[in-house]
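Residues per chain, in single letters:
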Amino acid sequence: GESVGLHLPTLSVQEGDNSIINCAYSNSASDYFIWYKQESGKGPQFIIDIRSNMDKRQGQRVTVLLNKTVKHLSLQIAATQPGDSAVYFCAESPSGGGADGLTFGKGTHLIIQP
Amino acid sequence: NAGVTQTPKFRVLKTGQSMTLLCAQDMNHEYMYWYRQDPGMGLRLIHYSVGEGTTAKGEVPDGYNVSRLKKQNFLLGLESAAPSQTSVYFCASSHQPGNYEQYFGPGTRLTVT
């Protein structure tokens with residue numbers, strides 16, 4: 001079946017370095033992608049989203065890149081801070097705008113080393 | 001605005017017991033969702049609602065029922081709890097369907113013994 005997954009379950013980076021979290025998706029019909037951050041004991045928190053008619057979108061310290069050719073999504077976090085430590089999920093909307101919920105990947109645990 | 005709230009935060013049930021999880025949102029969102037999250041996994045959709053009085057099945061609906069009697073509330077029921085339903089349950093809401101941001105509640109941790 002269709003799925004969204006992440007390449008690495010854990011990513012450890014030095015404070016101040018840039019982080020890149022990757023995500024592969026398999027549903028070529030998906031047209032909306034979103035990154036969530038989940039801190040321990042909390043619900044997912046929106047970071048940034050992107051639609052399939054774009055290949056890059058920037059937010060505050062974050063950039064999402066979408067490569068539709070290879071069905072790959074990445075989240076770049078600039079100058080990582082201790083507060084960036086969390087699990088990051090990518091998710092897709094597989095129904096092209098329908099009311100179904102999002103399909104989530106398994107998550108990448110980002111660890112910031114002091 | 002409180003956003004999305006969930007009650008209770010924690011609950012322990014014995015096998016066969018029933019309970020209802022309550023989700024409330026004050027953002028006037030039409031769409032509401034219930035997900036479960038198991039260790040090392042992403043969130044999986046249980047049921048969702050596209051408006052007051054409507055509900056639909058998601059990816060893992062078995063063993064759960066839902067109701068949306070009021071626009072701001074979305075209830076998730078377990079009629080006869082099983083250990084396999086031990087999980088963290090998250091409610092979410094969104095203004096638009098599918099391809100728009102969903103806002104999540106803080107979660108309910110349920111243990112079934």
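Source: prediction; values computed, not measured. (Residues numbered from 1 in each chain as written. Chains lettered and ligands numbered in written order. Predicted model: local features only at pLDDT ≥ 70, side-chain atom pairs only at ≥ 80, totals over all residues. Heavy atoms only, no water.)

> Go over the pattern of salt bridges, please, and point to the residues and values.
If you walk through the whole model with that rule in mind, you get six salt bridges over all chains. Lysine 42 of chain A serves as the salt-bridge partner of glutamate 39 of chain A, at 3.8 Å between the closest nitrogen and oxygen. Of the residues examined, glutamate 39 of chain A reaches a relative accessible area of 28% and is grouped as partly exposed. Lysine 42 of chain A gets classed as partly exposed once you look at its relative accessible area, which sits at 45%. Taking the shortest distance from any N to any O, the salt bridge between arginine 44 of chain B and aspartate 38 of chain B comes out at 2.7 Å. The class of arginine 44 of chain B is partly exposed, set by a relative accessible area of 23%. Ionic contacts of the salt-bridge type, sharing partners, join the residues Arg36, Asp38 and Arg44 of chain B into one network. (Salt bridge = Lys/Arg side-chain N within 4 Å of Asp/Glu carboxyl O. Buried < 20%, exposed > 50% of the residue type's maximum accessible area, 1.4 Å probe, protein only.)

> Report on the interface of chain A and chain B, specifying residues and quantitative values.
Contacts between the two partners involve 22 residues from chain A and, on the opposite side, 21 residues from chain B. Both faces combined, the contact of chain A with chain B buries some 1,600 Å², and carbon together with sulfur accounts for 57% of it. Counting across the interface, chain A meets chain B through zero salt bridges. For the pair chain A and chain B, the number of links is four residue pairs in polar contact (both at pLDDT 80 or more). For the side of chain A that touches chain B, a count of residues per class yields nine nonpolar, eight polar and five charged. (Contact = heavy atoms within 4.5 Å. Buried area = accessible area lost by both parts, 1.4 Å probe. Polar contact = N/O pair within 3.5 Å; in protein donor to acceptor, adjacent residues only side chain to side chain. Nonpolar A, V, L, I, M, F, W, Y, C, P; charged D, E, K, R; others polar.)

So yeah, pure geometry; function would need other evidence.
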